[in-house]
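Results of the structural survey
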Amino acid sequence: MKISRKLYSYYLILPALLIYCVFFVVPALTGLYYSFTDWRLDRVGIKFIGWANFERIFTDKTLLLAIKNTLIFAVATVIGKNLIGLALAIALNMRLKTRNILRAVFYSPSILSVLVISIVFTPMLRSEGTINRIFESVGLGFLSQSWLTDPQIVIWTVAAVSVWQHAGFQMAIYLAGLQSIPKDYYEAATIDGAGAWRSFRSITLPLLLPALNINLMLTLIGGLKVFSEVFVLTGGGPGNASQVVGTIILRSFGEGSWGLGTAVNTLLFAAVTIIAIPLLIFMRRKEVSE
Amino acid sequence: MNYTRKMAWRNVLVEGFLILASLIVILPMLVMIFGSFMNNIEVMKFTLRLPSEWHFSNYVTVFQEGGLARAFWNGLLITGVSCAANIVTSSAAAFILTRRDTKLSNFLYMFFFMGLIAPMSVITTIRVVQAFGFYGSITSVIFIYASLNTAFSVFLYSGFIRSIPKALDEVAFLEGAGTLSVFFKIITPLILPVNATVAIMVFMSVWNDITIPLYFLTDSSDWTMPLSVYNFYGKFSRDWNLIFADLVLTSLPVLILYLFCQKYIVSGLTAGAVKG
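All figures in this text were calculated on a predicted structure; none of them were measured in a lab. Throughout this document, residue positions are counted from 1 along each chain, in the order its sequence is written. As a convention, the first chain written is A and the first ligand written is 1, with the rest following in written order. Predicted model: local features are reported for residues with pLDDT of at least 70 only, side-chain atom pairs are reported and counted for 80 or more only, and whole-chain, interface and lining totals are derived from all residues.

Re the overall build of chain A
For clarity, the threshold we go by: Helix and strand assignments follow DSSP, with helices taken as H or I runs no shorter than four residues and strands as E runs no shorter than two, numbered in order from the N terminus. Distance between backbone-placed C-beta atoms decides contact: two residues are in contact if it is within 7 Å.
A count of helical and extended segments in chain A gives 13 helices and zero strands. Walking chain A from its N terminus toward its C terminus, one meets helices and strands in the order α-α-α-α-α-α-α-α-α-α-α-α-α. Over its C-alpha atoms, taken along the principal directions, chain A stretches across nearly 75 × 75 × 30 Å. Of the contacts made within chain A by residues no fewer than 6 positions apart, 71% connect residues no fewer than 24 positions apart.

Looking at the overall build of chain B
Stated precisely, the cut-off is as follows: Partly exposed residues are those whose C-beta has more than 12 but fewer than 20 other C-beta atoms within 10 Å; with 20 or more the residue is buried, with 12 or fewer it is exposed, and the C-beta atoms are placed from the backbone.
Counting secondary structure elements, chain B contains 13 helices and zero strands. When the helices and strands of chain B are listed from N to C terminus, the series reads α-α-α-α-α-α-α-α-α-α-α-α-α. Along the longest, intermediate and shortest principal axes, the C-alpha atoms of chain B span 75 × 75 × 30 Å. Taking all 276 residues of chain B together, 43% fall into the buried category.

Observations concerning the nonpolar core
Within soluble globular proteins, side chains that are nonpolar tend to cluster in buried spots. How we decide: Here, a nonpolar core denotes buried Ala, Val, Leu, Ile, Met, Phe, Trp, Tyr and Cys residues that are linked to one another through C-beta atoms within 7 Å. Domains are outlined according to an automatic or database domain assignment.
Ranked by internal contacts, the top residues of the largest apolar core, which has 150 residues, are Met171 of chain A together with Ala93, Val141, Tyr145 and Leu247 of chain B. Sort the elements by how many residues they give to this core and helix H7 (residues 154–179) of chain A lands first, with 14 residues. Each of domain 1 (3–59) and domain 2 (66–235) of chain B accounts for three or more of the residues forming this core. Beyond its immediate stretch of four places on either side in the chain, tyrosine 145 of chain B contacts Ile78, Ser82, Val206 and Ile212 of chain B.

Brief notes about the interface of chain B and chain A
To be explicit about the condition: Think of it as three bins: nonpolar holds Ala, Val, Leu, Ile, Met, Phe, Trp, Tyr, Cys and Pro, charged holds Asp, Glu, Lys and Arg, and polar takes everything else, Gly as well.
Between chain B and chain A, the contact holds 69 residues from the first and 71 residues from the second. Here the side of chain B that touches chain A takes 14 residues from helix H13 (residues 240–275) of chain B, the largest share from any one element. Of the residues contributing to the side of chain B that touches chain A, the split by class is 44 nonpolar, 20 polar and five charged.

Here we look at helix H12 (residues 225–235) of chain B
Counting buried positions over the 11 residues of H12 of chain B gives eight, a clear majority of the element. Within H12 of chain B, burial applies to Met225, Pro226, Leu227, Ser228, Val229, Tyr230, Phe232 and Tyr233 of chain B.

A closer look at the packing of helix H3 (residues 68–100) of chain B against helix H6 (residues 138–148) of chain B
All names here are of chain B. For the record, the criterion: Angles here are taken between N-to-C directions and fall from 0 to 180 degrees, while the axes themselves are lines fitted to C-alpha atoms, restricted in helices to the stretch in contact. Should an angle fall under 35 degrees it is called roughly parallel, over 145 degrees roughly antiparallel, and 65 to 115 degrees roughly perpendicular, with every other angle called oblique. A crossing counts as left-handed when the near helix is turned anticlockwise from the far one by less than a right angle, and as right-handed when that turn is clockwise.
Where H3 contacts H6, the two axes come as close as 8 Å, and the packing angle between them is 40 degrees. Relative to H6, H3 is oriented oblique. In the crossing of H3 with H6, the sense of the turn from one axis to the other is right-handed. Counting all contacts with H3, which are made through Asn74, Leu77, Ile78, Val81, Ser82, Ala85 and Asn86, the residues of H6 involved are Ile138, Val141, Ile142, Tyr145 and Ala146. Among the residues forming the contact of H3 with H6, the class breakdown is nine nonpolar, three polar and no charged.

Quick notes on the packing of helix H1 (residues 14–34) of chain A against H6 of chain B
As a packed pair, H1 of chain A and H6 of chain B sit with axes 8 Å apart at the nearest point and diverge in direction by 105 degrees. In terms of their interaxial angle, H1 of chain A and H6 of chain B are classed as roughly perpendicular. Residues Ile19, Tyr20, Phe23 and Phe24 of chain A of H1 of chain A touch H6 of chain B, and the partners they reach there are Phe143, Ile144, Ala146, Ser147 and Leu148 of chain B. Looking at side-chain class alone, the contact of H1 of chain A with H6 of chain B contains eight nonpolar, one polar and no charged residues.

Some points on unusual backbone geometry
Here the amide bond leading from glycine 237 of chain A into proline 238 of chain A is cis, since omega sits at 0 degrees, within 30 degrees of zero. Mapped onto the elements of the fold, proline 238 of chain A is located in the loop between helix H11 (228–233) and helix H12 (245–255). Although it is not a glycine, aspartate 101 of chain B sits at a positive phi angle of roughly 55 degrees. The topology assignment puts aspartate 101 of chain B in the loop between H3 and helix H4 (103–117). Accessibility expressed as a C-beta count within 10 Å gives 12 for aspartate 101 of chain B, which makes it exposed.

Considering H6 of chain B
Among the 11 residues that make up H6 of chain B, 10 are buried, leaving the element largely enclosed by the rest of the structure. Along H6 of chain B, the positions that sit buried rather than exposed are Ile138, Ser140, Val141, Ile142, Phe143, Ile144, Tyr145, Ala146, Ser147 and Leu148 of chain B. The inward-facing, buried residues of H6 of chain B contact H1 of chain A together with H3, helix H5 (122–132), helix H7 (150–161), helix H10 (192–208) and helix H11 (211–216) of chain B.

Side note on the environment of tryptophan 164 of chain A
Residue and element names in this part refer to chain A. Within the fold, tryptophan 164 resides in helix H7. Given 19 C-beta atoms within 10 Å, tryptophan 164 falls into the partly exposed group. Distance in space between the C-alpha atoms of tryptophan 164 and phenylalanine 73 is 13 Å, their sequence separation being 91 residues.

These results come straight from atomic positions and should not be treated as a statement about function.
As structure tokens, then:
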């Protein structure tokens with residue numbers, strides 16, 4: 001006997017839908033409109049100015065640098081967090097005596113606030129800081145850098161701190177994925193004469209795709225939305241060398257150029273959607289076919 | 001060398017390497033913890049060493065000068081209420097969305113799912129909140145967190161509710177129960193573990209966040225712990241022992257939650273990893 005769908009009343013969706021729409025969807029949609037206006041703190045009227053804000057974004061050196069830095073940060077952290085996370089997960093899926101405690105240790109930084117980690121790293125990354133002193137004491141003095149004050153490397157330093165903090169989170173998701181693979185698959189493969197690499201490529205990798213999928217999405221989207229790491233570690237400096245889209249939005253907000261700020265946000269919105277949605281569809285398809 | 005012994009050697013090697021690597025994670029944390037007990041001269045070396053004298057008084061100073069007690073309660077209020085609102089609204093929505101399976105409900109599911117991807121538009125959110133007349137207040141922050149976490153929670157609940165057989169609802173409906181009582185009497189007891197997972201994941205992300213308080217909490221008496229710490233860090237940039245003590249105190253609530261609720265965190269991660 002089939003019961004009517006009507007019994008599942010749509011009223012129960014309304015509270016969630018209302019909160020989600022009012023505080024997330026409406027700002028996102030009005031943001032699209034405001035990014036084509038000259039909305040400013042110190043002006044009464046709001047005028048439609050076409051693509052002027054976007055033209056400014058693509059001709060302003062600082063704004064272009066912020067976009068470049070955001071992309072560097074996103075790509076570097078996607079690669080770093082996933083490679084290290086996957087390596088840790090595979091190693092900690094082996095029968096090691098200390099694996100439970102090691103898992104907890106590698107995971108633990110990711111539960112702390114980005115603020116905490118960034119402040120702890122600030123004094124260690126100074127020119128005469130702990131990290132350079134360690135390099136010098138083991139004879140690797142040539143590796144020491146002005147981590148947070150050299151405009152050429154500062155964004156890479158911020159990315160490295162983020163990888164340090166969050167690779168353990170990716171590890172936990174890969175571990176969960178690894179543990180869902182039945183052990184007898186590997187036994188069967190060994191009996192059939194498959195080596196370790198062959199087993200990894202033919203069993204682990206395809207069955208790990210859902211975990212890989214979610215991890216790539218999480219790190220990529222999180223990377224493009226980066227704000228707190230940069231805000232606390234460098235504040236966008238030295239000069240504007242480590243500005244990212246997130247810190248530019250805060251700066252525009254502070255300066256009262258709200259139209260420009262929302263335009264920058266619209267650009268981020270477009271970038272995330274253009275990159276994330278095809279990737280999502282592509283990986284879903286691959287998952288089904290394997 | 002036979003196969004088993006080769007495997008054993010490999011494991012010892014991997015384990016040794018991992019223990020060395022774990023030092024990279026542990027040492028910076030120890031610098032912070034030991035530093036929080038030092039005096040303000042010793043701490044400036046930023047090296048790994050036990051404090052020559054243990055200054056527990058740093059923690060008292062931080063509490064008095066950093067306004068941490070106030071910030072702790074603000075954080076608890078914000079995370080608690082936004083978590084509760086999020087759990088009730090998202091689980092109810094996920095219940096209907098997964099049971100209906102019509103074009104409209106599938107569209108709504110994707111509509112919520114977009115929230116996992118799209119970045120929030122902060123400046124226009126401020127305008128919306130101003131229109132309601134509560135910009136700068138704790139209320140605004142609670143609504144914003146409840147809204148920001150809807151996508152994640154609906155996604156997590158949907159995966160779980162799909163695995164609950166529909167036959168359970170049908171029996172209740174036949175006996176004349178309404179949608180609400182089926183949801184509260186049949187579904188809610190079954191999804192209690194998911195509630196715990198959602199509560200912990202949302203709690204951790206809200207507690208640790210500085211972005212939303214930075215934009216939306218204009219009055220320092222409303223600040224949460226991370227924002228107070230950030231402000232303290234700016235003001236007391238010479239007293240690193242106090243800064244470290246402040247950081248340890250901010251981290252304690254999430255660390256305690258992690259130690260006692262690991263099981264629920266793992267099940268949340270598993271849902272993501274297995275269902276993608």
